[in-house]
Amino acid sequence: MKAVHLLALVAATAMGGVLAGCAEAPKRLYYWESFQGQLYEYFKGDRSGPEEQLRILDAQAQKARARGAALPPGFRAHLAMIYLRLGRDGEAKQELEAEKVNFPESAQYMDFLLKRMTAPKS
């Protein structure tokens, strides 16, 4: 009798494992890909220039769009910072506005950055 219960327990455990293996992984909220690593390299002072960083981020944004995935918080703000380094103020402003729209909790900080962009330089 104990052998039957043990066999039933093993069969139930195996069946549970099979069903768990078939379960679909939950969809991620944001498409992070290499964004965190790229941020780390940027702030560490890596040797790649802003053009190379922009190329990497653009490629990541295209992959996210192709998958119908959302870009993570801070992605557009970081992109804006790179645009500013390249002297592309108009594109930087667009990215800060997009960050504000996609993450309303960042609106106060994005407004601060936008105001600093338009303030006369002394």
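Since the structure is predicted, the reported quantities are computational estimates derived from the model, not experimental observations. (Residues numbered from 1 in each chain as written. Predicted model: local features only at pLDDT ≥ 70, side-chain atom pairs only at ≥ 80, totals over all residues. Heavy atoms only, no water.)

Digging into the overall build of the protein chain
Along the backbone of the protein chain there are 6 helices and 0 strands. When the helices and strands of the protein chain are listed from N to C terminus, the series reads α-α-α-α-α-α. Taken over 122 residues, the protein chain has a buried fraction of 24%. Restricting the contact set of the protein chain to residue pairs at least 6 apart, pairs at least 24 apart contribute 59%. Surface accessibility of the protein chain: about 8,900 Å² in total, with carbon and sulfur atoms responsible for 60%. (Helix = DSSP H or I, 4+ residues; strand = E, 2+ residues; numbered from the N terminus. Buried < 20%, exposed > 50% of the residue type's maximum accessible area, 1.4 Å probe, protein only. Contact = heavy atoms within 4.5 Å. Areas by Shrake-Rupley, 256 points an atom, 1.4 Å probe, with all protein chains shown as cover.)

Some thoughts on the layout of surface pockets
Any empty space left between atoms is shown by rolling a water-sized probe over those atoms. For the largest pocket, the calculated volume is near 290 Å³. Contributions of two or more residues to the lining of the largest pocket are made by helix 4 (75–85) and helix 6 (107–118). Element by element, the count of residues in the lining of the largest pocket is highest for helix 6, at 6 residues. Of the residues that constitute the lining of the largest pocket, the class distribution is 10 nonpolar, 1 polar and 1 charged. (1 Å grid on protein atoms, 1.4 Å probe; cavity = no way out; pocket = protein on both sides within 12 Å on 5 of 7 lines; lining within 4 Å. Points joined across faces, edges and corners; volume = space filled by probe spheres on them. Nonpolar A, V, L, I, M, F, W, Y, C, P; charged D, E, K, R; others polar.)

Structural notes on unusual backbone geometry
Within the chain, Glu 33 stands out as a residue other than glycine whose phi angle is a positive 35°. Within the secondary structure layout, Glu 33 lies in the loop between helix 1 (2–22) and helix 2 (35–44). Judged by relative accessible area, which is 40%, Glu 33 ranks as partly exposed.

Quick word on helix 5 (residues 89–102)
The terminal C-alpha atoms of helix 5 lie 20 Å apart, and with 14 residues this matches the ideal 20 Å at 1.5 Å per residue to within 8%. Inspection of helix 5 places Ala 92, Glu 95, Leu 96 and Glu 99 among the buried residues, and these make up the whole buried set. Angular distribution of buried residues about the axis of helix 5 spans 100°; they occupy a single face of the element. In helix 5, the exposed residues that point more than 90 degrees away from the buried face are Gln 94 and Val 101. Residues of helix 5 that are buried sit in contact with helix 4 and helix 6. (Expected span 1.5 Å × (residues − 1). Arc of directions from axis to C-beta.)

Quick look at the side chain of His 78
You can see His 78 is positioned in helix 4. Since its relative accessible area comes to 4%, His 78 is described here as buried. Beyond its immediate stretch of four places on either side in the chain, His 78 contacts Phe 35, Gln 38, Leu 39, Tyr 42 and Leu 57.

Structural notes on the nonpolar core
Formed by 17 residues in total, the largest nonpolar core has its most connected members in Leu 57, Phe 75, Leu 79 and Leu 96. Elements represented by at least two residues in this core include exactly helix 3 (50–67), helix 4, helix 5 and helix 6. Residue contributions to this core peak at 5 residues, all from helix 4. (Core = buried A, V, L, I, M, F, W, Y, C linked by side-chain atoms within 4.5 Å.)

On their own, these measurements won't tell you what the molecule is for.
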